[in-house]
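# Results of the structural survey
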Amino acid sequence: MGIRIVKLPDVGEGVAEAELVEWHVAIGQSVLEDQLLAAVMTDKATVEIPSPVAGTVLALGAEVGGVLAVGAELVRLEVAGEGDKEVAAAPREAARPEPAPSAAAMPSPAPAKSPALERAHVPEPPRPTTQGSLGPPRAPGEKPIASPAVRRRARDAGVDLRQVRGSGPAGRIGHEDLDAFLRGGAPAATISARVPKTDVDTVKVIGLRRRIAQKMADSKRRAAHFAYVEEVDVTALEDLRTALNAESRQDRPRLTLMPFLMQALVRAVADFPEMNALYDDEAETIERHGGVHIGIATQTPSGLMVPVVRHCETRGLWDMAAEVRRLAEAAREGRATRAELTGSTITITSLGPLGGIVTTPVINRPEVAIVGVNKEAVRPVWQGSQFVPRTMMNLSSSFDHRVIDGYVAARFIQRIKGLVEAPATLFIEE
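Read on for a plain summary of the structure. (Residues numbered from 1 in each chain as written. Predicted model: local features only at pLDDT ≥ 70, side-chain atom pairs only at ≥ 80, totals over all residues. Heavy atoms only, no water.)

## Notes on the sheet that holds strand E6 (residues 55-60)
- The strand order across the open sheet formed by four strands is E1-E8-E6-E3, and the pairing between neighbours is antiparallel. This sheet does not close on itself; its edge strands, each paired only once, are strand E1 (2-7) and strand E3 (30-31).
- Inspection of the sheet shows E3 paired to E6 by two bridges, in the antiparallel sense. Counterpart to Val31 in the pairing with E6 is Gly55. (Pairing = 2+ DSSP bridges. Helix = DSSP H or I, 4+ residues; strand = E, 2+ residues; numbered from the N terminus.)

As structure tokens, then:
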């Protein structure tokens, strides 16, 4: 038998390290060739690492949430055959200096373990003792033991049995325990059935949630955010969308508001190229992109992701709708690739029906603008001589004030507003 060390492979171009987000194996487990060992994350993309050989797991290189460099030890396996030569050579080199004392003269010391690979011993918590009439209060979450008759009496008296000490076997509460509680405690009418909760659930921030936290904090710290909110009349657009969806075809997906907004965004950035840009504040340069690559902020079971619809300037309405649906499904199911989650030049964020009245979205650095969509609502709008019902919606957008002036941002949103309120203009070739 030999030892085989499985190292963290190069999981992407330019990636120097990755975060361990899930173990698929445990120490002592037998694994087959190509069986998944672990999942690591880098730049929002999760990569599964398979085993190159069959063997038995001897040690794990990190805990979940730890960060490993490319080439670092991920798993140590016991395999059939010689194993890795460098691992097999290590004991022979260590044994060269002096002959060790005989076994009769000195007991053999336990082999040293690497701190990174040593499993921490967690002592077993003490078992609770049987609770008597003078015992401590019942532990949080522990259910009281009592007969149906005792429970009925306690319910009628307004007594929470979790507060009653039982003198029977295993802390069982009898009628005499309930009587003693009623005699020595507060009057039944004043006893509250509500018990203060003292439990605390500690959740380690790892994986995608850690990436989101880092990215959001970095954006708020470095970009000079300012928000601009504008009200938009989407009545005509909703009428058009309803009419187009009424003509159902197998090769066309149903249209939501999103592809119309994306089409308007493409038209608007043609007039305001400074919005379709990335700002490198360390090099103090701005990259204005000709291609419009729109990031669509998408909520997934793992957290917020931003899949990217590339080259929207070349896409039609239904093409955009189909691509948004495909990318959103891939992101929610964990199938989105790193290439599909990077490379955006401007972002749209929407909470759909939960969109609220106003939001202040965080810029997806190094982008300089993000357009937020709020929920639609039918409101009375004054038109000349009377109020008329109109479908209204707010656009809540954020900009990086270091490179985008407020006046320019306002004109940009007004351009989008004009296109959305007159949706026929979205289809006029310029």
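## Observations concerning a nonpolar patch on the surface
- There is a patch of nonpolar side chains on the surface, built from Val229, Ile357 and Val358 and spanning about 270 Å² of accessible area.
- With respect to the helices, strands and loops of the structure, Val358 is situated in the loop between strand E16 (346-350) and strand E17 (369-373). (Patch = residues over 30% accessible without salt bridge, like charges linked within 9 Å, V, L, I, M, F, W, Y side chains within 5 Å. Areas by Shrake-Rupley, 256 points an atom, 1.4 Å probe, with all protein chains shown as cover. Salt bridge = Lys/Arg side-chain N within 4 Å of Asp/Glu carboxyl O.)

## Quick notes on the packing of helix H6 (residues 257-271) against helix H8 (residues 406-421)
- With their axes 9 Å apart at the nearest point, H6 and H8 run at an angle of 135° to one another. The angle between the axes of H6 and H8 places the two elements in the oblique class. Remark: the crossing between H6 and H8 carries right-handed chirality. In this structure, H6 contributes Leu261, Ala264, Leu265, Arg267, Ala268, Val269 and Asp271 to the contact, and H8 contributes Phe412, Arg415, Ile416, Leu419 and Val420.
- Within the contact of H6 with H8, the residues separate by chemical class into nine nonpolar, no polar and three charged. (Axes fitted to C-alpha atoms, helices over the stretch in contact; angles between N-to-C directions. Parallel < 35°, antiparallel > 145°, perpendicular 65-115°, else oblique. Left-handed = near helix turned anticlockwise from the far one by under 90°. Contact = heavy atoms within 4.5 Å. Nonpolar A, V, L, I, M, F, W, Y, C, P; charged D, E, K, R; others polar.)

## Points about the pairing of E6
- Pairing geometry for E6 and strand E8 (residues 73-79), over four bridges, is antiparallel. What sits directly across from Thr56, in E8, is Glu78.

## As for unusual backbone geometry
- Along the chain, Arg365 connects to Pro366 via a cis peptide bond; the corresponding omega equals 5°.
- Along the chain, the position of Pro366 falls in the loop between E16 and E17.
- Here Glu284, not a glycine, exhibits a phi torsion of approximately 55°, which is positive.
- You can see Glu284 is positioned in the loop between strand E10 (277-280) and strand E11 (285-288).
- Residue Glu284 is classed as exposed on the basis of its relative accessible area, which comes to 66%.
- With a phi close to 50°, His311 is a non-glycine residue in the positive phi region. (Buried < 20%, exposed > 50% of the residue type's maximum accessible area, 1.4 Å probe, protein only.)

## Things to note about the pattern of salt bridges
- Throughout the structure, instances matching the rule amount to 22 salt bridges.
- Put simply, Asp218 and Arg365 hold a salt bridge, and the shortest N to O gap is 2.5 Å. With a gap of 147 residues between them, Asp218 in helix H4 (residues 207-222) and Arg365 in the loop between E16 and E17 connect regions that are remote in the sequence.
- With relative accessibility at 17%, the residue Asp218 sits in the buried group.
- Judged by relative accessible area, Arg365 falls into the buried class, the value being 15%.
- Ionic pairing is found between Asp233 and Arg390, a salt bridge with its closest N-O pair at 2.8 Å.

## Remarks on the nonpolar core
- Of all hydrophobic cores here, the largest spans 47 residues; its most connected members are Met262, Met275, Ile294, Ile348, Phe399, Phe412 and Ile416.
- Sort the elements by how many residues they give to this core and H6 lands first, with ten residues.
- Those residues in contact with Phe412, other than ones at most four positions away along the chain, are Leu265, Ala268, Val269, Phe272, Met275, Ile346, Val371 and Phe399.
- The next biggest cluster of nonpolar side chains, apart from the first, holds 21 residues, and it includes Ala18, Val31, Ala62 and Val75. (Core = buried A, V, L, I, M, F, W, Y, C linked by side-chain atoms within 4.5 Å.)

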